[in-house]
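# Chain and residue survey
Given next are the chains, with one letter for each unit.
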Amino acid sequence: MNISAKGYKPKVLIACEYSGVVRAEFEKRGWDATSCDLLPTDKTGKHYQGNVEDILYNDWDLIIAHPPCTYFTNSGVCWLHKDESRWAKLDDAARFFNLFLDHPKCKYIAIENPIPHKYAIERIKNRKYTQTVQPWQFGHPESKRTCFWLRGLPLLAETNNVKSVFEKLPKKEAQRLHYLPPSKDRWKIRSTTFKGIAEAMASQWGGYVESELAKQKVLNLQRVVCCALCNQELEEYEIKTCRQMWATEPEMICETCWNRIQNEGYKNVMP
Ligand SMILES: C[S@@+](CC[C@H](N)C(=O)[O-])C[C@H]1O[C@@H](n2cnc3c(N)ncnc32)[C@H](O)[C@@H]1O
């Protein structure tokens, strides 16, 4: 289902996304999608460059967040014992992560991160991830175990399992991200969301939120209103300027017909 351009457009915030990959999939579905990152976006579209806390409490129907994982990831836990300064950074990362998990307004939330270590889990109030996925479940013959913490959303179901292809690939290809050579963009390439996963998010979570909003009569509430005289569809801004006419039932008249009535008289304009 694509949302009618005339209807209410559900609003999704893709927090901590510079790539625009997830945002683009929601845009295709007709959503009002905004990505946000401290960095500029790699893909043209609605992007807020700045601290996500500036816009986090706007009216979002869905939030998908990809907070930084540097101090959370299990693979980096040994650094905590080698570098004392990392404990304070871990505390700050957990505060940031909890902003999404404890969001007071938005009912549908997904947070994505790699497997966290036990100190990170403690700092997010022992809330374990809801599920883990692999790119090979979504059409990419690669491995990168990713966790989702979900609030109000169903588990993301696999869409195109290519595990058998993945298993036959040489190690360097199957573990492409692990073997990336050093470069200034290495972290970006490693952290960009896989397109197959982004597509599944939009179709499954987007579809789920659409059906929930429809049940709550938020979607499709805005009916299409036509001018009672020329039958042209009235735009939202015109509806506000419509007058209730002298007919037995209140009628909506577009600005052009209203002006014609003023100038030419009601009888001459009436069909
Ligand atoms: C792990 S990356 C996620 C990348 C994402 N998967 C994508 O495809 O663009 C984490 C991102 O969080 C951003 N970030 C960190 N703190 C932020 C903040 N306070 N507000 C907005 N973005 C932030 C970083 O700039 C970084 O790009």
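The rules behind the values
- Residues numbered from 1 in each chain as written.
- Predicted model: local features only at pLDDT ≥ 70, side-chain atom pairs only at ≥ 80, totals over all residues.
- Helix = DSSP H or I, 4+ residues; strand = E, 2+ residues; numbered from the N terminus.
- Contact = placed C-beta atoms within 7 Å.
- Buried ≥ 20, exposed ≤ 12 C-beta atoms within 10 Å, placed from the backbone.
- Pairing = 2+ DSSP bridges.
- Near = placed C-beta within 6 Å.
- Nonpolar A, V, L, I, M, F, W, Y, C, P; charged D, E, K, R; others polar.
- pLDDT = per-residue confidence, 0-100.
- Axes fitted to C-alpha atoms, helices over the stretch in contact; angles between N-to-C directions.
- Parallel < 35°, antiparallel > 145°, perpendicular 65-115°, else oblique.
- Left-handed = near helix turned anticlockwise from the far one by under 90°.

Let's shift gears to the overall build of the protein chain. Helix and strand content of the protein chain: 11 helices and 7 strands. Counted over contacts in the protein chain with a minimum sequence separation of 6, partners at least 24 positions apart contribute 58%.

Attention shifts here to the pairing of strand 5 (residues 109-113). The element strand 5 is largely enclosed, with a buried count of 5 among its 5 residues. Here strand 5 shows two buried faces, one formed by Ile109, Ile111 and Asn113 and the other by Ala110 and Glu112. As defined by bridge partners, strand 4 (residues 62-65) adjoins strand 5 across 3 bridges and the pair is classed as parallel. From the neighbouring strand, Ile64 faces strand 5, where its bridge partner is Ala110. With 5 bridges joining them, strand 5 and strand 7 (residues 146-151) adopt antiparallel strand pairing.

As a further point, take the site of the ligand. As a matter of local geometry, the ligand sits amid 17 residues, with Cys16, Ser19, Val52, His66 and Ser191 nearest to it. Residue classes in the shell around the ligand are distributed as 9 nonpolar, 6 polar and 2 charged.

Our focus in this paragraph is the confidence of the model for the protein chain. Averaged over all residues, the pLDDT of the protein chain is 86; the fraction at 70 or higher stands at 87%. Counting contacts from residues 1-6, a segment whose pLDDT is below 50, to residues more than four positions away or on other chains yields 12 contacts. Considering only residues more than four positions removed or in separate chains, one finds that residues 244-250, a stretch of pLDDT under 50, has 5 contacts.

Once that is clear, we can look at the packing of helix 1 (residues 21-28) against helix 8 (residues 195-215). Two elements in contact, helix 1 and helix 8, have axes separated by 9 Å at closest approach and are oriented at 40 degrees. Considering the angle they form, helix 1 stands oblique to helix 8. You can see that helix 1 and helix 8 cross each other, and the crossing is right-handed. When helix 1 is examined against helix 8, the residues Val21, Val22, Glu25 and Phe26 are found in contact with a partner set consisting of Lys195, Ala198, Glu199, Met201, Ala202 and Gly206. Grouping the amino acids of the contact of helix 1 with helix 8 by side-chain chemistry returns 6 nonpolar, 1 polar and 3 charged.

Our focus in this paragraph is the environment of Asn98. For Asn98, the location among the structural elements is in helix 3 (residues 86-101). Residue classification places Asn98 among the partly exposed positions, given that 16 C-beta atoms sit within 10 Å. Between the C-alpha atom of Asn98 and that of Lys125, which follows or precedes it by 27 residues, the distance is 8.7 Å.

What follows covers the environment of Gly206. Within the secondary structure layout, Gly206 lies in helix 8. When the C-alpha positions of Gly206 and Tyr108 are compared, they lie 10.0 Å apart, and in sequence the two are 98 residues distant. Apart from residues no more than four positions distant in its own chain, Gly206 is found in contact with Phe26, Arg29 and Trp31.

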